[in-house]
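# Analysis of the macromolecular model
Listed here are the chains, written in short residue letters.
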Amino acid sequence: MNIHEYQAKEILKQYGVTVQEGIVATSPEEAVEAAKKLKELYNSDWVVIKSQIHAGGRGKGKIDGTEQRGVALAKNLEQVKEISHNILGNILVTIQTGAKGKRVNKVLVAQDVYYPGESSPKEFYMSVLLDRATGQNVIIYTTEGGMDIEEVAHNTPDKIYKEWIDPLVGLQSFQTRKIAFNLGLSGKAFKEMTAFVTSLYNAYTNIDASMFEINPVLKTSDNRILAVDGKVGIDDNALYRHPEIAALRDFEEEDPTEVEAGEYDLNYVKLDGNVGCMVNGAGLAMATMDIIKLSGGDPANFLDVGGTASAERVEKAMRIILKDPNVKAILINIFGGIVRCDRVAQGVVDAYNNIGNIPVPIIVRLQGTNAEEAKKLIDQSGLKVRSAIALKEAAEAVSEVLKN
Amino acid sequence: MSVLVNKNSKIVVQGFTGNEGTFHARQMIEYGTNVVGGITPGKGGQTHLGCPVFNTVSDAVKNTGADVSIIFVPPAFAADAIMEAADAGIKVIVCITEGIPVKDMIGAKAYIKKRNCVLVGPNCPGVITPDEAKVGIMPGFVFKKGRIGIVSKSGTLTYEAADQIVKAGLGISTAIGIGGDPIIGTSTKDAVEMLMNDPETDAIVMIGEIGGNYEAEAAKWISKNGNQKKVVAFIAGQTAPPGRRMGHAGAIIGGSDDTAAAKKKILSQNGIFVVDSPADIGIKMKEVLSLASN
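Because the structure is a prediction, the values reported are computed rather than measured. (Residues numbered from 1 in each chain as written. Chains lettered and ligands numbered in written order. Predicted model: local features only at pLDDT ≥ 70, side-chain atom pairs only at ≥ 80, totals over all residues. Heavy atoms only, no water.)

It is worth spelling out the overall build of chain A at this point. Secondary structure assignment for chain A yields 13 helices and 19 strands. With the principal axes as the frame, chain A shows a C-alpha extent of 85 × 50 × 40 Å. Burial status across chain A gives 54% buried among its 404 residues. A separation of at least 24 residues holds for 67% of the contacts in chain A among residues at least 6 apart in sequence. Taken as two groups, the 45 positive and 55 negative side-chain charges of chain A have centres that lie 1 Å from each other. (Helix = DSSP H or I, 4+ residues; strand = E, 2+ residues; numbered from the N terminus. Buried < 20%, exposed > 50% of the residue type's maximum accessible area, 1.4 Å probe, protein only. Contact = heavy atoms within 4.5 Å. Lys, Arg positive; Asp, Glu negative; His and termini not counted. Charge placed at Lys NZ, Arg CZ, Asp CG, Glu CD.)

Set out below in structure tokens:
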């Protein structure tokens with residue numbers, strides 16, 4: 001599960017991480033009020049208006065059809081009103097959202113932290129995540145802050161540092177010192193950085209995050225260390241023990257069909273293609289998407305109906321797939337192991353009859369226990385459903401259907 | 001010989017009396033697997049499916065000499081169950097449970113590292129050595145005995161591969177479902193290494209998917225060790241979009257090395273026979289083996 005920047009910052013603050021402060025607004029009027037409050041607190045007219053969407057690249061991204069950036073500096077209240085008016089309720093297109101973009105329902109009105117002072121501000125990058133290769137958490141950091149980390153890793157890999165955390169003892173003080181030294185810090189900023197890293201790592205482990213990315217981490221002109229941004233992913237498997245975090249879920253950020261599928265306990269991911277698919281098992285589902293592509297189509301979705309594939313689930317899954325107007329055909333691919341294929345076939349026939357008028361051709365591939373009986377059942381149902389047993393036959397059927 | 005489990009394995013079931021545990025333990029027993037007991041805390045002393053129930057794994061080991069455990073415990077308690085098995089001296093721990101928090105698995109993996117055991121899974125279909133032992137949830141009838149080893153991150157895709165191998169006139173020595181989570185006990189390379197060293201295995205099917213570096217690691221190990229046996233591979237998720245989790249918790253493209261295309265390239269470069277379509281796994285294996293015998 002992903003959360004917004006303003007939510008991530010709230011969590012960070014709870015764990016003692018210093019952040020760029022801000023106030024959330026859902027209208028230009030609220031944004032102006034927020035800016036006034038920030039002026040009282042920090043004595044500056046300047047604020048940053050930051051679009052709150054679950055995607056990166058907001059600073060470079062633009063509101064669809066305009067030149068308005070997704071993150072912009074406002075130097076007075078008129079500009080606060082104008083910029084938030086330009087952003088709120090509109091579609092922000094960034095490198096990560098794709099051409100469709102995402103609607104911005106909230107902005108974070110944030111303090112300006114790049115004020116002049118005794119030294120020049122400096123941006124770093126820091127993230128905490130699981131290193132799957134070692135099975136340990138790792139802190140990744142670089143002096144090259146504010147940039148795309150994949151680009152830095154590609155162009156100047158020697159500038160990326162990694163600090164692995166031994167799961168049996170956790171993060172140690174020498175490691176936080178090493179990080180602060182490698183970032184070239186001294187004095188007050190050095191001390192603040194070691195505390196920053198410790199707090200950041202505590203936040204990461206305590207909320208069962210799968211990723212914490214702070215880009216940039218800022219050394220201010222008065223040598224404070226703070227998180228200017230916060231991108232956080234939470235381990236879905238651990239949400240059961242963090243109801244307060246689960247409550248942060250923003251359904252507006254998700255595809256409504258995916259949300260509905262989730263309510264039925266179906267694992268569905270919407271894609272842009274023209275052939276829907278329904279499969280038992282995640283690996284076979286991905287493989288079925290690949291088959292669709294190799295047969296000349298494009299997968300319209302990922303859908304794992306799970307081990308049982310009962311008539312009820314098949315029907316729900318079919319209804320979910322048919323909500324997508326791009327779907328020109330459906331491939332149902334079930335490997336019946338412990339679940340018998342003839343039961344699944346009966347489920348498909350029942351679902352078909354219950355839904356009634358299905359406008360697209362359906363190909364059902366059932367393999368495993370009682371596959372022959374299942375094929376007979378489908379073939380004799382009188383429905384416009386093609387049956388197959390071998391995966392190759394199903395692939396050929398898909399490409400034939402797409403040709404017609 | 002075979003790997004991990006065979007007819008001499010003494011198997012206990014953790015989460016024995018629960019719904020999942022009962023259903024699959026019964027199937028394992030019907031298959032002929034040597035299930036010697038089970039564990040459900042608080043139900044020690046009872047009999048279930050004709051086998052003794054123990055309160056702790058350590059009691060079970062003392063009383064039955066068990067060396068293999070299969071875990072059907074719910075996700076919140078599964079990491080604890082893995083560590084309990086390791087502490088009790090179980091040699092092969094197969095964890096079926098899906099949905100264990102990553103943080104719990106980081107701890108469990110570090111814990112068992114210092115003990116003399118192998119963990120398979122979690123979030124996996126288990127391990128089967130046909131006609132000897134089924135320690136998992138796979139449909140046993142699909143796996144006919146033979147000399148092809150299978151290593152896979154996925155359940156139903158493993159059954160698919162096994163079925164194709166059998167239809168191609170071949171059979172399976174041992175199939176190892178390593179699981180689709182970000183942290184698993186036995187990596188692709190670990191499983192491939194076991195099968196490479198198994199005298200009853202002639203060739204290997206390796207099924208991977210997007211996410212992580214396990215397939216690349218295995219490929220490099222295979223070529224470094226002289227490509228001793230033919231390996232046919234399929235990588236699922238060629239059409240998966242970046243940043244979206246495809247069912248399995250570990251099946252997500254985070255960076256460029258996670259893609260199916262990148263993995264397929266590394267596999268091919270290391271002498272592995274990569275098929276584009278999952279429908280071609282059986283045919284390809286037959287072709288590769290007949291080329292080798294000519």
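Picking up where we left off.
All right, on to the overall build of chain B then. For chain B, the count of helices and strands is 9 helices and 14 strands. Relative to a compact globule of 294 residues, whose C-alpha radius of gyration would be 19 Å, chain B shows 18 Å and is just as compact. Counting only C-alpha atoms, chain B reaches 55 × 40 × 30 Å along its principal axes. Split into buried and exposed, the 294 residues of chain B put 61% on the buried side. For chain B, the accessible area works out to roughly 10500 Å², and carbon and sulfur atoms hold 51% of it. Counting 29 positive and 27 negative side-chain charges, chain B places the averaged centre of each group 3 Å from the other. (Rg over C-alpha atoms; globule rule 2.2 N^0.38 Å. Areas by Shrake-Rupley, 256 points an atom, 1.4 Å probe, with all protein chains shown as cover.)

Residues and elements named next belong to chain A. Under the counting rule described, the total for this entry stands at 36 salt bridges over all chains. Taking the shortest distance from any N to any O, the salt bridge between Glu-5 and Lys-50 comes out at 2.7 Å. Of the two residues, Glu-5 sits in helix α1 (residues 5–14) while Lys-50 sits in strand β2 (residues 47–51), which places them 45 residues apart along the sequence. Of the two residues, Glu-5 and Lys-50, both sit in the buried class. Through salt bridges with shared partners, a single network forms among Glu-5, Lys-9, Lys-50, Arg-58 and Asp-229. (Salt bridge = Lys/Arg side-chain N within 4 Å of Asp/Glu carboxyl O.)

Right, let's talk about the interface of chain B and chain A for a bit. Size of an interface, as often reported, equals the accessible area lost when the parts are brought together. Taken together, the contacts link 60 residues of chain B with 45 residues of chain A. For the pair chain B and chain A, the two sides together bury roughly 3900 Å², of which 61% comes from carbon and sulfur. Sorting the residues of chain B by area buried against chain A places Thr-156, Thr-239 and Met-246 of chain B first, and these three jointly supply 15% of that buried surface. Our count for the chain B to chain A interface comes out at 6 salt bridges. (Buried area = accessible area lost by both parts, 1.4 Å probe.)

Note that predicted coordinates carrying low pLDDT should not be read in detail. Averaged over all residues, the pLDDT of chain A equals 92, while 99% of them reach at least 70. The least confident element of chain A, judged by mean pLDDT, is helix α4 (residues 149–155) of chain A at 82; the most confident is helix α5 (residues 173–182) of chain A at 98. (pLDDT = per-residue confidence, 0-100.)

Now for the nonpolar core. Of all hydrophobic cores here, the largest spans 94 residues; its most connected members are Ile-70, Val-94, Phe-143, Ile-176, Val-205 and Met-246 of chain B. What Phe-143 of chain B contacts, discounting residues up to four positions off in sequence, is Tyr-31, Ile-128, Pro-130, Met-138, Thr-158, Tyr-159, Ala-162, Ile-172 and Ala-175 of chain B. One finds Phe-196, Ile-214 and Ile-225 of chain A together with Val-73 of chain B within the second-largest nonpolar core, a separate group that totals 68 residues. (Core = buried A, V, L, I, M, F, W, Y, C linked by side-chain atoms within 4.5 Å.)

The next thing to look at is unusual backbone geometry. Residue Pro-216 of chain A is reached from Asn-215 of chain A by a cis peptide bond, and omega for that bond is 10°. Within the fold, Pro-216 of chain A resides in strand β11 (residues 209–219). Going from Gly-121 of chain B to Pro-122 of chain B, the amide bond is cis rather than trans, its omega being 10°. Mapping Pro-122 of chain B onto the fold places it in the loop between β7 (118–120) and β8 (126–129). The phi dihedral of Asn-123 of chain B falls on the positive side, at around 55°, and the residue is not glycine. Tracing the backbone through its elements, the reader meets Asn-123 of chain B in the loop between β7 and β8. Classification of Asn-123 of chain B by relative accessible area gives buried; the value is 9%. For Asn-227 of chain B, which is not glycine, the phi torsion reads 40° and is therefore positive. Checked against the element boundaries, Asn-227 of chain B lands in the loop between α7 (214–224) and β13 (230–236).

All names here are of chain A. One open sheet accounts for 4 strands, arranged β1-β7-β2-β4; its pairing is antiparallel. In the strand order of this sheet, the two ends are held by β1 (22–25) and β4 (71–74), each with one partner. Geometrically, the sheet is characterised by an average inter-axis angle of 25° between neighbouring strands, direction not taken into account. The pairing of β2 with strand β7 (residues 107–111) spans 5 bridges and is classified as antiparallel. In the sheet register, Ile-49 faces β7, and the bridge partner there is Val-109. Across the sheet, α1 touches β1, β2 and β7, and the angle it forms with β7 is around 50°. (Pairing = 2+ DSSP bridges. Axes fitted to C-alpha atoms, helices over the stretch in contact; angles between N-to-C directions.)

Our next topic: the pairing of strand β19 (residues 385–388) of chain A. Residues and elements named next belong to chain A. Inspection of the sheet shows strand β18 (residues 362–368) paired to β19 by 4 bridges, in the parallel sense. Residue pairing for β19: Val-364 is matched across the bridge by Ser-387. Viewed along the sheet, the connection from β18 through helix α12 (residues 371–379) into β19 turns out right-handed. (Right-handed = clockwise from strand over helix to strand, strands pointing away.)

Taken N-terminus to C-terminus, the directions of helix α9 (residues 282–294) of chain A and helix α5 (residues 156–167) of chain B make an angle of 70°; their axes are 6 Å apart at the nearest point. Relative to α5 of chain B, the element α9 of chain A lies roughly perpendicular. Listed contacts from α5 of chain B to Gly-283, Leu-284 and Ala-287 of chain A of α9 of chain A are Thr-156, Leu-157 and Glu-160 of chain B. Taken together, the residues that form the contact of α9 of chain A with α5 of chain B break down as 3 nonpolar, 2 polar and 1 charged. (Parallel < 35°, antiparallel > 145°, perpendicular 65-115°, else oblique. Nonpolar A, V, L, I, M, F, W, Y, C, P; charged D, E, K, R; others polar.)

Let us now look at the environment of Trp-164 of chain A. Residue and element names in this part refer to chain A. Mapped onto the secondary structure, Trp-164 falls in strand β10 (residues 160–165). For Trp-164 and Ile-63, which are 101 residues apart along the polypeptide, the C-alpha to C-alpha distance reads 39 Å. Sequence-distant contacts of Trp-164, defined by excluding residues within four places in its chain, comprise Asp-131, Thr-134, Gln-136, Asn-137, Val-138 and Gln-175. Engagement of the side chain of Trp-164 in a polar contact is seen with the side chain of Asp-131, the distance being 2.8 Å. (Polar contact = N/O pair within 3.5 Å; in protein donor to acceptor, adjacent residues only side chain to side chain.)

Attention shifts here to the pairing of strand β9 (residues 133–136) of chain B. Residues and elements named next belong to chain B. Looking at chain direction, β8 and β9 are connected through 4 bridges and run antiparallel. Each bridged residue has a counterpart across the sheet, and for Thr-129 the counterpart in β9 is Ala-133. Adjacent in sequence and paired antiparallel, β8 and β9 are bridged by 3 residues, among which Asp-131 carries a positive phi angle near 70°.

All names here are of chain B. With 13 residues, helix α9 (residues 281–293) should reach 18 Å at 1.5 Å per residue; the first-to-last C-alpha distance of 19 Å fits that figure. For α9, the full list of buried residues reads Ile-281, Gly-282, Met-285 and Val-288. Along the long axis of α9, the arc covered by the buried residues comes to 130°, so they all point the same way. Contacts from the buried residues of α9 go to β10 (145–152), α5, β12 (203–209), β13 and β14 (273–274). (Expected span 1.5 Å × (residues − 1). Arc of directions from axis to C-beta.)

With that out of the way, let us pick up the sheet that holds strand β6 (residues 92–95) of chain B. All names here are of chain B. Taken in spatial order, the 7 strands line up as β3-β4-β2-β1-β5-β6-β7 in an open sheet, and their pairing is mixed. On the outer flanks of this sheet lie β3 (47–48) and β7, each paired with one strand and no other. Pairing analysis gives 4 bridges linking strand β5 (residues 68–71) to β6, with the strands arranged parallel. When the sheet's bridge partners are listed, Ile-71 is paired in β6 with Cys-95. Here helix α3 (residues 75–87) sits on the sheet and contacts β1 (11–14), β5, β6 and β7; the angle it forms with β6, its principal contact strand, is near 170°.

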